[in-house]
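The lines below spell out each chain.
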Amino acid sequence: MAQIPASPKLKRAALLAAAVTFGPELSCHGAALVASERAALELRLAMREHARPKAQIVTFLIPLVGAHHVRDWAAVSARLATTLQSLLNQTNPNWRAVICCQTRPTLPDDPRITHLPFDDPTPGNDKWRKLAALCDHLGALEPIPGYVMSFDADDLLHRAAVAEMLERQARGYLVQSGYVMDYATGAIALADAPNLSRPLRKPFWKLCGSCTALYHDPQMSEGGAFLRAMTQHEHRMFPYLARLAGHRLSPLSRPAVLYVLNHGENFGARRGRVGFKTRFVERFRITAPATLSEIAADFPAP
């Protein structure tokens, strides 16, 4: 299973307009729809008749690269441990994480953290097949309404992110503001929406896949189907698909995720897609000591 290509931007705009004007009932019958768009419209339609229970938990779906795909499994395991430490550091304890991979890594002794075995032998990058397996596994978890967030095994979460999600009770959240770190140099940059003084800056969600948390009620099968279809695309499709499904994403109020580049085993490096990100870090490098101290306090050391 390969990553599904993004829909053209003109098509996205037209389908969003049609969903608003004519409703999801009519819009979902177009022959040109990809699976994720159809699933989004079906969820939008189902939510009309469904009361939304309060979100009580945040579930992190973490696909982990197989040991046979990397040079240094110990280093990969150590980075996962740091990612999980960023969850253990959360000021609100109402979260859980599922790690999907072939080889069970050493995990903290915490019932909120579980391993989902993966044994699909199909060659090639299996990240999207693991995300599909993780979404399918949602039905096996305790059925608690909450948010679901796909999260890379080498990214770090701000210690107050879970608390903010559960306090605000939005339809979903977008990491518009976040940090990008070049591990090779130690430089850290802020990714955020561009403005007049920083017209070339990019929002975090365009750079990193750990960027979207969507409300999910386990009682709605359409929600699980949509999450599965959405996560088969690149992350830059997530805001569009969420909006098509009726989930307007609210930006989190602070830089919520730290994305680490150039540590040797990034997915992006294996796909040859890291160079422009390292240049981004150099262009927008943070030098203020106070800001760097705040980052050190809010995220575990990569």
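Look above for the structure.
So, how was this worked out
Residues numbered from 1 in each chain as written. Predicted model: local features only at pLDDT ≥ 70, side-chain atom pairs only at ≥ 80, totals over all residues. Heavy atoms only, no water. Helix = DSSP H or I, 4+ residues; strand = E, 2+ residues; numbered from the N terminus. Rg over C-alpha atoms; globule rule 2.2 N^0.38 Å. Buried < 20%, exposed > 50% of the residue type's maximum accessible area, 1.4 Å probe, protein only. Contact = heavy atoms within 4.5 Å. Pairing = 2+ DSSP bridges. Axes fitted to C-alpha atoms, helices over the stretch in contact; angles between N-to-C directions. 1 Å grid on protein atoms, 1.4 Å probe; cavity = no way out; pocket = protein on both sides within 12 Å on 5 of 7 lines; lining within 4 Å. Points joined across faces, edges and corners; volume = space filled by probe spheres on them. Nonpolar A, V, L, I, M, F, W, Y, C, P; charged D, E, K, R; others polar. Core = buried A, V, L, I, M, F, W, Y, C linked by side-chain atoms within 4.5 Å. Expected span 1.5 Å × (residues − 1). Polar contact = N/O pair within 3.5 Å; in protein donor to acceptor, adjacent residues only side chain to side chain. Phe/Tyr/Trp six-rings, centres within 6.5 Å; stacked < 30°, edge-to-face > 60°. Lys NZ or Arg CZ within 6 Å of the ring centre and 35° of its normal.

**Student:** Could you clarify how one ought to interpret the overall build of the protein in this entry?
**Tutor:** Of the regular secondary structure elements, the protein holds 11 helices and 11 strands. In summary, the protein has a C-alpha radius of gyration of 19 Å against a globular reference of 19 Å for 302 residues, a match within 12%. In terms of overall dimensions, the protein has a C-alpha envelope of 50 × 50 × 40 Å along the principal axes. Sorting the 302 residues of the protein into buried and exposed places 56% on the buried side. For the protein, long-range pairs separated by at least 24 residues make up 76% of all intrachain contacts whose partners lie at least 6 apart in sequence.

**Student:** Could you clarify how one ought to interpret the sheet that holds strand E5 (residues 156-157) in this entry?
**Tutor:** Strands pair in a sheet through their backbones, by hydrogen bonds, and they do so in one of two ways: parallel or antiparallel. Taking strand neighbours across the sheet as the criterion, the 4 strands line up as E5-E11-E7-E8 in an open arrangement whose pairing is mixed. Edge positions in the sheet fall to E5 and strand E8 (187-191), since each of these pairs with one other strand and no more. Both strand E7 (residues 178-182) and strand E11 (residues 257-261) contribute to a ladder of 4 bridges, which runs parallel. By the bridge assignment, Tyr179 is partnered in E11 with Leu258. Sheet strands touched by helix H10 (residues 275-283): E7, E8 and E11. Its angle to E8, the strand with the most contacts, is close to 90 degrees.

**Student:** How should I be thinking about the layout of surface pockets in this particular structure?
**Tutor:** A water-sized probe, rolled over the atoms, reveals where empty space remains. For the largest pocket, the calculated volume is near 200 Å³. Leu138, Gly139, His216, Pro218 and Gly224 are, among the 21 residues lining the largest pocket, the residues nearest its centre. Taken together, the elements giving at least two residues each to the lining of the largest pocket come down to strand E1 (57-63), helix H5 (127-137), strand E4 (146-150) and helix H7 (221-230). Among the residues forming the lining of the largest pocket, the class breakdown is 12 nonpolar, 6 polar and 3 charged. Considered as a void within the structure, the second largest pocket measures approximately 160 Å³ in volume. Leu16, Leu174, Pro239, Tyr240, Arg243, His247, Arg248 and Leu249 are the residues that line the second largest pocket. Here the lining of the second largest pocket gets 3 residues from one element, more than from any other, and that element is helix H8 (residues 238-244). Among the residues making up the lining of the second largest pocket, the classes are represented as 5 nonpolar, 1 polar and 2 charged.

**Student:** Is there a simple way to explain the nonpolar core in this structure?
**Tutor:** Counting 85 residues, the largest nonpolar core has Phe60, Ile62, Ile99, Tyr147 and Phe226 as the members making the most contacts within it. Dropping the residues within four chain positions of it, Phe226 is found in contact with Ser36, Ala39, Ala40, Leu43, Leu214, Leu241, Ala242 and Ala245. Core analysis: the second largest hydrophobic core is formed by 9 residues, Tyr179, Ile188, Ile286 and Ile295 among them.

**Student:** How should unusual backbone geometry be read in this particular structure?
**Tutor:** Excluding glycine, a negative phi dihedral is what most residues carry, and trans is how most peptide bonds are arranged. Phi at Gln169 takes a positive value of approximately 60 degrees, unusual for a residue other than glycine. Structurally, the position occupied by Gln169 is in the loop between helix H6 (161-168) and strand E6 (172-174). When its relative accessible area of 17% is taken as the criterion, Gln169 is described as buried.

**Student:** Just checking my understanding: could you explain helix H4 (residues 73-88) for this structure?
**Tutor:** Every α-helical turn comprises 3.6 residues, leaving residues that sit three or four positions apart pointing alike. Compared with the 22 Å implied by 1.5 Å per residue over 16 residues, the 22 Å span of H4 between its first and last C-alpha is a close match. Buried within H4 are the following residues: Val76, Ser77, Arg79, Leu80, Thr82, Thr83, Leu84, Ser86 and Leu87. Contacts from the buried residues of H4 go to E1, strand E2 (95-101), strand E3 (113-117) and E5. Here H4 starts with a cap whose side-chain oxygen sits 3.3 Å from the backbone nitrogen of Ala74, and that cap is Asp72.

**Student:** Is there a simple way to think about the packing of aromatic side chains in this case?
**Tutor:** Two aromatic rings, taken as a pair, are described by how far apart their centres are and by the angle between their planes. Per the counting criterion, the structure on display carries 5 aromatic pairs. Considering the side-chain rings of Phe60 and Phe151, the 5.7 Å spacing of their centres and the 75 degrees angle between planes classify their relative orientation as edge-to-face. Of this pair, Phe60 sits in strand E1 while Phe151 sits in the loop between E4 and E5, placing them 91 residues apart in sequence. Assessed through its relative accessible area of 0%, Phe151 is described here as buried. Arranged with centres 4.9 Å apart and planes meeting at 50 degrees, the rings of Phe280 and Phe284 form a pair that is tilted. Residue classification places Phe280 among the buried positions, given a relative accessible area of 6%. One aromatic cluster is present, built from ring pairs that chain together Tyr147, Tyr173 and Tyr215. Positioned above the aromatic ring of Tyr215 is the side chain of Arg52, whose terminal nitrogen or guanidinium carbon lies 4.8 Å from the ring centre.

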